[in-house]
Amino acid sequence: MTTLHIGNASRWFGNVVAVNDISMAIGPGVTGLLGPNGAGKSTLINMMSGFLAPSAGTVTLDDRPIWRNAEVYRQIGLVPEREGMYDYLTGGEFVLANAELHGLPDPPAAAREALETVEMTHAADRRIGTYSKGMRQRVKMASALVHHPTVLLLDEPFNGMDPRQRMQLMDLLARMGEEGRTVLFSSHILEEVEQLASHIEVIVAGRHAASGDFRKIRRLMTDRPHRYLIRSSDNRALAAGLIADASTTGVEVDEAEGALRVEAVDFLRFTERLPLLARERGVRLLTVAPSDESLESVFSYLVGA
């Protein structure tokens, strides 16, 4: 099992601390790296990929230091947010060059396979300067995959992709995680992170703010209510019962939505009492949906904490 370990790692640029004493372990599967702009995500990914040395602490791959370790680099694929591509090359030439730099036994075959993986063979003979943003992203992905890395690091990989391209990349990353590869990606498209990575690492202002399943993290936040959107056969009758129950602090009838907006302060009691109250009042529950269980809710809470 290939695991990245970050041990009390910091990175500063002059008087600016970009990453501050972070420790975490990234193992096989797909992990989402979250944080606002300027939080230190790109700096952390650059340290994991060997492009930056930590100013303090350690960054290792299976207990081997990554910085200036060519053998470790062979196991890592990087898709950076910033583009460092050569517009005068074709996509095929760019990926082939990366295959040759890795010293692969059959660079042309490896390049073809990587381009097929990201569905870019149809544009392999076109110059990169003619590519759309989404196409450039996919060619960067092909160059990162050309040597079959066991670790894949992606910084905002969905930028510029259309919905079909995003779904294709999401499927690819999910398969790689299922195969046992270690995949870490950052993204500001929270819905996609929520669909792809149940495990998250949250960075806020250069510090490690949270780690784990975002739904479990949300349920540990007991200092504010859980919010639900409920639709039933008789919203007003159900509202009367919920208002009188100690598990809730707020119940609002939303006429426009045809639903109730409920704030529950006792999560376990609420989940037990809701069906009982509905049955007691002869009300049929149609929809019970958490309105703040999304990754965006968790992220916003952690950033504001």
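The structure under discussion appears in the preceding block.
A brief structural summary. Here the structure is a predicted model, which is why all the values come from computation and not from measurement.

Scoring rules and cut-offs
- Residues numbered from 1 in each chain as written.
- Predicted model: local features only at pLDDT ≥ 70, side-chain atom pairs only at ≥ 80, totals over all residues.
- Heavy atoms only, no water.
- Helix = DSSP H or I, 4+ residues; strand = E, 2+ residues; numbered from the N terminus.
- Buried < 20%, exposed > 50% of the residue type's maximum accessible area, 1.4 Å probe, protein only.
- Contact = heavy atoms within 4.5 Å.
- Areas by Shrake-Rupley, 256 points an atom, 1.4 Å probe, with all protein chains shown as cover.
- Lys, Arg positive; Asp, Glu negative; His and termini not counted.
- Charge placed at Lys NZ, Arg CZ, Asp CG, Glu CD.
- Salt bridge = Lys/Arg side-chain N within 4 Å of Asp/Glu carboxyl O.
- Axes fitted to C-alpha atoms, helices over the stretch in contact; angles between N-to-C directions.
- Parallel < 35°, antiparallel > 145°, perpendicular 65-115°, else oblique.
- Left-handed = near helix turned anticlockwise from the far one by under 90°.
- Nonpolar A, V, L, I, M, F, W, Y, C, P; charged D, E, K, R; others polar.
- Pairing = 2+ DSSP bridges.

On to the overall build of the protein. Looking only at helices and strands, the protein features 11 helices and 14 strands. Overall size of the protein, expressed as C-alpha extent along the three principal axes, is 70 × 45 × 35 Å. Counting across all 305 residues of the protein, residues that qualify as buried make up 50%. In the protein, the share of contacts with a sequence separation of at least 24, taken over all contacts with a separation of at least 6, comes to 66%. If you sum the accessible surface of the protein, you get close to 14600 Å²; carbon and sulfur atoms cover 50% of it. Of note, the protein has its 32 positive side-chain charges centred 1 Å away from the centre of its 39 negative side-chain charges.

Further remarks concern the pattern of salt bridges. If you walk through the whole model with that rule in mind, you get 11 salt bridges. One salt bridge in this structure joins R74 and E71, with 3.8 Å as the shortest N-O distance. Looking at R74, the relative accessible area reads 42%, which means it is partly exposed. The salt bridge partner of R136 is D87, with a shortest N-O separation of 3.0 Å. Pair noted here: R136 is in helix α5 (residues 133-145) and D87 is in the loop between β6 (76-79) and α3 (91-101), with a separation of 49 residues, a long-range link. Taking the relative accessible area as the measure of exposure, R136 reaches 12% and is therefore buried. The partly exposed category is assigned to D87, whose relative accessible area is 38%. Ionic contacts of the salt-bridge type, sharing partners, join the residues D245, R269 and R273 into one network.

With that settled, the discussion passes to the packing of α3 against α5. The interhelical angle for the contact between α3 and α5, taken along N-to-C directions, is 25°, at an axis separation of 8 Å. The orientation of α3 relative to α5 falls into the category roughly parallel. For the pair α3 and α5, the crossing hand works out as right-handed. Of the residues in α5, those touching α3 at G91, F94, V95 and N98 are V139, A142 and S143. Considered class by class, the residues forming the contact of α3 with α5 number 4 nonpolar, 3 polar and no charged.

Here we come to the pairing of strand β2 (residues 16-26). Of the pairings in the sheet, the one linking strand β1 (residues 4-13) to β2 comprises 7 bridges and is antiparallel in character. Paired with I6 across the two strands is M24, which belongs to β2. The turn linking β1 back onto β2 is made up of 2 residues, and G14 within it adopts a positive phi angle of 65°.

When you line up the elements, T3 lands in the segment before β1. Setting aside chain neighbours within four positions, we find T3 in contact with A25, I26, G27, P28, T60, L61 and D62.

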